[in-house]
Amino acid sequence: MSGRLQGKVALITGAARGIGRAQAVRFAQEGADVIGIDLCGPVDTVSIPHATRDDLAETAAAVRAEGRRFVEGVVDVRDGTALRAAVDAGVAELGGLDTVCATAGITSRGMTSEMTEDQWRTMIDVNLTGVWQTTKAAVPHLITRGSGSITLISSIAGLRGLYGVGHYVAAKHGVVGLMRSLAQETAEYGIRVNTVHPTNVNTPMIRNDVVARGFRPDLDRSPTEEEFAASARTMNMLDIPWIEPVDVANACLFLASDEARYITAVTLPVDAGSTQR
């Protein structure tokens, strides 16, 4: 099957790499033009390597290689004014908006009773308020279109608790609540809203020394690839340590397509059975 998003315009945040890039490329392969948003810079309290402008340029090149248009915006999703301006500019250039993936997010570790206020606040601001800002920028354009879909990227942490990341769990649960209310509020305009809940994904957000050490606190050194994978594998029902970004992108593509035209307000795990262990 091809052309599932032919002639559509997609807004994707966190588009420079990882899941966001996979979404941009898959959507382009199915006929969509893309507005790709990313901070392309560091976030306070986050120690893993950040995306860069070169990363976003690689996403743009991959979309254009599929014969589709790409409009980029280097924007912090916490900055509602700048985000709305970037979305408005992209919509004006590409001629409308049909589907949204709110994918931008961060990760950090810390015991809930010990983390700093900055850690807590930054996590909520990016992973929850940034998602709200994305929907706030996008919904008026979808209403103008008279239809559309919004997919908010949550996590298995939006459906269950996880150790040592209480701020992340709180934000991702909040995304589910936002989705459920937004689905109610926008249904009259023909807009569908859903969440997707990945397990660990093979992206720079997971595949780095900071996260690897968090998975193996029993070691006084950085774990090897095999040691990290063995620990990550225990989270899932299927015998894999992590899924690939395209696995998440494919789920989002389905939700954005007409195949899912009557699916709204659902929480869709792409988790190798993690939430059912």
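Labelled according to an unreviewed UniProt entry, the protein chain appears under the name Putative carveol dehydrogenase, originating from Gordonia malaquae NBRC 108250. For the record of the protein chain, the UniProt heading Sequence similarities (unreviewed entry) holds the text "Belongs to the short-chain dehydrogenases/reductases (SDR) family."

K.L.:
Got a minute to help me understand the pairing of strand β1 (residues 9-13) in this structure?
P.N.:
Remark: a regular strand shows side chains that alternate across the two faces of the sheet. When you tally the buried positions in β1, you get five out of five residues, the bulk of the element. Judged by which residues are buried, β1 turns out to be covered on both faces: Val9, Leu11 and Thr13 on one side and Ala10 and Ile12 on the other are all buried. Pairing of β1 with strand β2 (residues 33-38) involves five bridges; the strand directions are parallel. Residue Leu11 lies in a different strand from β2, and its bridge partner there is Ile35. What joins β1 to β2 is helix α1 (residues 18-29), and the crossover it makes is right-handed. Pairing of β1 with strand β4 (residues 99-102), which is carried by three bridges, proceeds in the parallel orientation. If you follow Ala10 over to β4, its bridge partner there is Thr99.

K.L.:
Please explain the domain arrangement of the protein chain as it appears in this structure.
P.N.:
Interface extent is often summarised as the accessible area lost during association of the parts. The domain boundaries assigned to the protein chain delineate domain 1 (9-202 + 244-265) and domain 2 (207-241). Summarising the inter-unit geometry, the C-alpha centres of domain 1 and domain 2 are found 26 Å apart. Taken together, the contacts link nine residues of domain 1 with 10 residues of domain 2. Across the contact surface, domain 1 and domain 2 share zero salt bridges.

K.L.:
In this structure, what is going on with the pattern of salt bridges? I would like to understand it.
P.N.:
Pairs can form between side chains of opposite charge once their charged atoms are near each other. Applying the stated criterion across every chain, the model contains 15 salt bridges. For Arg4, the salt bridge is made with Glu30, and the minimal N-O distance between the two is 3.5 Å. Of this pair, Arg4 sits in the segment before β1 while Glu30 sits in the loop between α1 and β2, placing them 26 residues apart in sequence. Here Arg213 makes a salt bridge to Asp209, at a shortest N to O gap of 3.1 Å.

K.L.:
How do you make sense of the sheet that holds strand β6 (residues 191-198) when you look at a structure like this?
P.N.:
In space, the seven strands of this open sheet follow the order β3-β2-β1-β4-β5-β6-β7, with parallel pairing throughout. The sheet terminates laterally at β3 (70-74) and β7 (267-270), the two strands that pair on one side only. Geometrically, the sheet is characterised by an average inter-axis angle of 15° between neighbouring strands, direction not taken into account. Across the face of the sheet, helix α5 (residues 166-186) comes into contact with β5 (148-153), β6 and β7 while running at roughly 165° to β6.

K.L.:
Would you mind showing me how to read the packing of α1 against helix α8 (residues 245-256) here?
P.N.:
A pair of packed helices is characterised by two quantities: the angle between their axes and the separation of those axes. In the contact formed by α1 and α8, the axes pass within 8 Å of each other and the chain directions differ by 50°. It follows that α1 is oblique to α8 by the angle criterion. Judged by the twist between their axes, the crossing of α1 over α8 is right-handed. Contacts between α1 and α8 involve Gly18, Ile19, Ala22, Gln23, Arg26 and Phe27 from the first element and Pro245, Val246, Val248, Ala249, Asn250, Cys252, Leu253 and Ala256 from the second.

K.L.:
How should the pairing of β5 be read in this particular structure?
P.N.:
With six of six residues buried, β5 is to be regarded as a mostly interior element. Relative to β5, β4 is paired through four bridges, and the arrangement is parallel. Considered in β5, the bridge of Val100 is made with Ile150. Following the backbone out of β4, through helix α4 (residues 117-145) and into the adjacent parallel β5, one traces a crossover that is right-handed. In the sheet, β5 pairs with β6 via six bridges, with the strands oriented parallel. From the neighbouring strand, Gly148 faces β6, where its bridge partner is Ile191. In terms of handedness, the path from β5 via α5 over to β6 forms a crossover that is right-handed.

K.L.:
Could you clarify how one ought to interpret the side chain of Ser108 in this entry?
P.N.:
Position of Ser108 relative to the elements: it lies in the loop between β4 and α4. A residue is classified by how much of its surface remains accessible, and Ser108, at 9% relative accessible area, is buried. Ignoring anything within four residues of it in the chain, the contact list for Ser108 reads Thr45, Gln119, Met123, Val165 and His167.

Conventions and cut-offs
- Residues numbered from 1 in each chain as written.
- Predicted model: local features only at pLDDT ≥ 70, side-chain atom pairs only at ≥ 80, totals over all residues.
- Heavy atoms only, no water.
- UniProt positions renumbered as here; feature names shortened; annotations may be inferred.
- Buried < 20%, exposed > 50% of the residue type's maximum accessible area, 1.4 Å probe, protein only.
- Helix = DSSP H or I, 4+ residues; strand = E, 2+ residues; numbered from the N terminus.
- Pairing = 2+ DSSP bridges.
- Right-handed = clockwise from strand over helix to strand, strands pointing away.
- Domains from an automatic or database assignment.
- Contact = heavy atoms within 4.5 Å.
- Salt bridge = Lys/Arg side-chain N within 4 Å of Asp/Glu carboxyl O.
- Axes fitted to C-alpha atoms, helices over the stretch in contact; angles between N-to-C directions.
- Parallel < 35°, antiparallel > 145°, perpendicular 65-115°, else oblique.
- Left-handed = near helix turned anticlockwise from the far one by under 90°.

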